[in-house]
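# Fold and contact review
This is what each chain is made of:
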Amino acid sequence: MTHQTQEDKDEVTHQSSDYLETFKPRAMDWSAARTFAMKNLRIALRYPANIMIWGFLPLLWFAPYILMATAVGGPETTAHFTEISGYDDFIQFVIIGWFVFLYLDNSIWGIGNNFRVEQFSGTLEPLFSTPVPRISILLGAAFSDSIQGTIQAMILLLLSMSIFGVSYSLTAIAPTIIVLLIMVIGLYGFGFMVAGMILVFKDPSVLTQLVSETSYMISPVNYPINALPKPVQFAAYLLPTTIGIITIREIAITGAWNLLNFSQAVLALGGLAIVFWLLGLATFQFAEKWTKQRGHMGGF
Amino acid sequence: MEQEEKTIFQKMWNREGARAELRAANALALKQWQVEFSYPLSVLWFIVMPFLWFIPLIIAGMAITGGAESAALEGLVGTSDWITYIALGSAYTGLAISLMWGTGQALRREQNVGTLETLMTTPMKKETLVWGSMLHNLQHGGLGVILQLTASILLFGVTLNWWGIIPALMIVCLSVIGMQGLIFTVVCVVLVAKQGWMIVEFISSTLLLIAPISYPIAVLPTVLQYFSYASPLTWSVEGFRGFLMDGIAYSGAFNAIVALIILDVIFVIVGGLLFKRTERYVRMKGALSQF
């Protein structure tokens, strides 16, 4: 090794030590969250077809419900459906359900699976040894997934509207954005919880499918909430998307914006967001400690 | 001792023929069961999976019809019992999904855990790798079908024509052959595209959309109806459900069996050729274990 290289190395070591010596742990590192989100988005942009496909795929998932409704109920929306749901267009009803549900699906598959992807790439342990609060990494993953999810949801909405010839009230745009924002914040907590569970249980294909299919089954996506048994309705209201779907659906289809109902929905969503954040962070912290103690962090 | 080991090794190496391939396929199927059962959540998922797909269809159907009878469905297929119609269609779908997804992604799983190249160098036919996984998924999906049908009979009042069970199983056998062609194609996508699960999802979702699972083909747009007739999944679902609902008196039996035999021949030849070519291509590129 030459004298010059040794000097360079010493300088780098000295600089690193300076960084570590002056480093003060913070509760939240926004710059790390942004960097992590940008990294995820950069990877996503390397496969632009994926975003397009994920915007298009849900169409293939909900079209069977529309075809089934035609087969068992006839070409027009049935009187029974109108009676229990309060809406006279099944297709218009279902599209909004899927538009909102995509956010929940994204928080389960995206945020939750993020650490599994890092695990497979062999970067999870280095990532967790960086002097960055975990919440920043989790939020970074959540931000990138929200951006991708919104693009996918918009593709699905516009595509479905043009294929099925349905339309929604333009006055719904502002309240929809407000409801979606609060709902997405709540879903971050939900996603953190799934991420913690994946750290412990490892196999995300089973866990995420289990969580995703169960929440899909109890969500009023393809049917009104009162089509579910009473105890299941209660469980459904514990998901942030249920209030989101019901509120957005009402405003988007009827165009009527009742301030009292809307405020109640926003308050309930805000409450759920706080609960899910507390639950999500606690679950994740416990899962991280549990896996670290057992040396399972990078294991499969 | 050394001589004995050498003889065993040579015997193993020289083992060939259908019996040896069957043993290898069985070993692969057993290995996959062991892997699945080492994840405790897999067991839970295995039990609840058939219901999580079926129950939303039942809730939606109830919200639309308000009862167990559908005059619209009777006008289309001659039966008003929409619950039995959907239960039998979706039960078969569980098996098809298990075959397509499970087998289609089998090589990818081996690739992820770094055992694909090792498996490819063992003295078994390359196709046996796919057949082994298919055998596991047939057992896995088959148990799911039994579980779902039992629960449907007990909880939702689904009625079966018991005389139709053996013919329905024959339909499943014919269907598995045709599905193999599809699965080989899916495996090719996975081998070439690496992150091909999205393409697999697209192919399986499209096949499920055009299959008469919870609705008859008549409600599909005309263009999709043509694609539906060319899919082995369509005739499998129709045959399986037809026999279990009407027994040996099922009127569409001849059409379903003949269509399945023709599609089996086409799909197996095309899928087999595609797999052979793709496997050679990937080996030549040295991309077998690349992600």
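Numbers given for residues are sequential positions, taken from 1 along each chain in its written order. Labels are handed out in written order, letters beginning with A for the chains and numbers beginning with 1 for the ligands. Only residues with pLDDT of at least 70 get local features here, since the model is predicted, and only at 80 or more are side-chain atom pairs given and counted; chain-wide, interface and lining totals rely on the full set of residues. Derived side-chain values reflect all non-hydrogen atoms in the structure, with water molecules and hydrogen atoms excluded from consideration.

Right, let's get into the overall build of chain B. In this description a helix means any DSSP run of H or I spanning at least four residues, a strand means any run of E spanning at least two, and both kinds are numbered starting from the N terminus. Broken down by element type, chain B carries 13 helices and zero strands. Listing the helices and strands of chain B from first to last along the sequence gives α-α-α-α-α-α-α-α-α-α-α-α-α. By residue count, 54% of the 291 residues in chain B fall in the buried class. When contacts within chain B are restricted to residue pairs at least 6 apart in sequence, those whose partners lie at least 24 apart make up 78%. With residues, only the protein chains shown are counted as cover, and all accessible areas are computed by Shrake-Rupley using a 1.4 Å probe. Here chain B displays about 14,000 Å² of accessible surface, and carbon together with sulfur accounts for 69% of that area. For every residue, the accessible area obtained with a 1.4 Å probe (protein chains only) is divided by the maximum for its type, and the residue is called buried under 20%, exposed over 50%, and partly exposed between those limits. We call two residues contacting when some pair of their heavy atoms lies within 4.5 Å.

All names here are of chain B. To estimate how far a helix should reach, multiply one less than its number of residues by 1.5 Å. Its 26 residues give helix 3 (residues 40–65) an end-to-end C-alpha distance of 39 Å, which sits within 8% of 38 Å, the value for a rise of 1.5 Å per residue. Note on bend: at a given residue it equals the angle between the axes fitted to the 7 residues ending there and to the 7 starting there. Along its length, helix 3 shows its largest kink, about 45°, at Val48, and proline Pro50 lies within four residues downstream of that point. Directly after helix 3, the chain includes Gly66, whose backbone phi takes a positive value near 80°.

All right, on to the confidence of the model for chain B then. Each residue carries a pLDDT score, the predictor's own confidence in it, on a scale running from 0 to 100. The pLDDT averaged across chain B works out to 83; a share of 90% of its residues lies at or above 70. Mean pLDDT in chain B bottoms out at helix 1 (residues 2–14) of chain B, which sits at 65, and peaks at helix 11 (residues 222–229) of chain B, which reaches 93.

All names here are of chain B. When a carboxyl oxygen of Asp or Glu lies within 4 Å of a side-chain nitrogen of Lys or Arg, that pair is called a salt bridge. Inspection of the entire model under this criterion finds one salt bridge over all chains. The salt bridge partner of Arg241 is Glu238, with a shortest N-O separation of 3.9 Å. Of the two residues, Arg241 and Glu238 are both situated in helix 12 (residues 232–246); the distance of three residues between them amounts to about one turn of the helix.

Counting from both sides, the interface comprises 38 residues of chain B and, opposite them, 41 residues of chain A. The quantity reported as buried area is the accessible area (1.4 Å probe) lost by two parts once they are put together, taken as the sum for both. Counting each side, the surface lost to burial between chain B and chain A is near 3,400 Å², with a carbon and sulfur contribution of 80%. Three residues stand out in chain B for area buried against chain A, namely Leu41(B), Ile64(B) and Met198(B), and they jointly supply 20% of the buried area on that side. Our count for the chain B to chain A interface comes out at zero salt bridges. Under this definition, polar contacts are N or O atom pairs within 3.5 Å; protein pairs additionally need one hydrogen-donor-capable and one acceptor-capable atom, and for neighbouring residues in sequence, both atoms have to be side-chain atoms. Across the contact surface, chain B and chain A share five residue pairs in polar contact (both at pLDDT 80 or more). Those elements that place two or more of their residues in the side of chain B that touches chain A are helix 3, helix 4 (71–77), helix 5 (82–104) and helix 10 (197–210) of chain B. With 17 residues, the top contributor of residues to the side of chain B that touches chain A is helix 3 of chain B. Side-chain classes are defined by residue name, with Ala, Val, Leu, Ile, Met, Phe, Trp, Tyr, Cys and Pro counting as nonpolar, Asp, Glu, Lys and Arg as charged, and the others, Gly among them, as polar. In the side of chain B that touches chain A, the residues fall into 28 nonpolar, nine polar and one charged.

This brings us to a nonpolar patch on the surface. Residue and element names in this part refer to chain B. Exposure above 30% relative accessible area and the absence of a salt bridge qualify a residue for a patch, where like charges join within 9 Å and nonpolar side chains (Val, Leu, Ile, Met, Phe, Trp, Tyr) within 5 Å. Taken together, the side chains of Phe254, Val258, Ile262, Ile266, Val270 and Leu274 make up a nonpolar region of the molecular surface, amounting to roughly 530 Å² of accessible area. Among the secondary structure elements, Val258 is positioned in helix 13 (residues 253–285). Its relative accessible area of 32% is what places Val258 among the partly exposed residues.

Turning to the side chain of Asp264(B), a few remarks are in order. Counting through the fold element by element, Asp264(B) comes out in helix 13. Once you skip the residues sitting within four places of it in the chain, Asp264(B) turns out to touch Leu174(B), Ile177(B) and Gly178(B).

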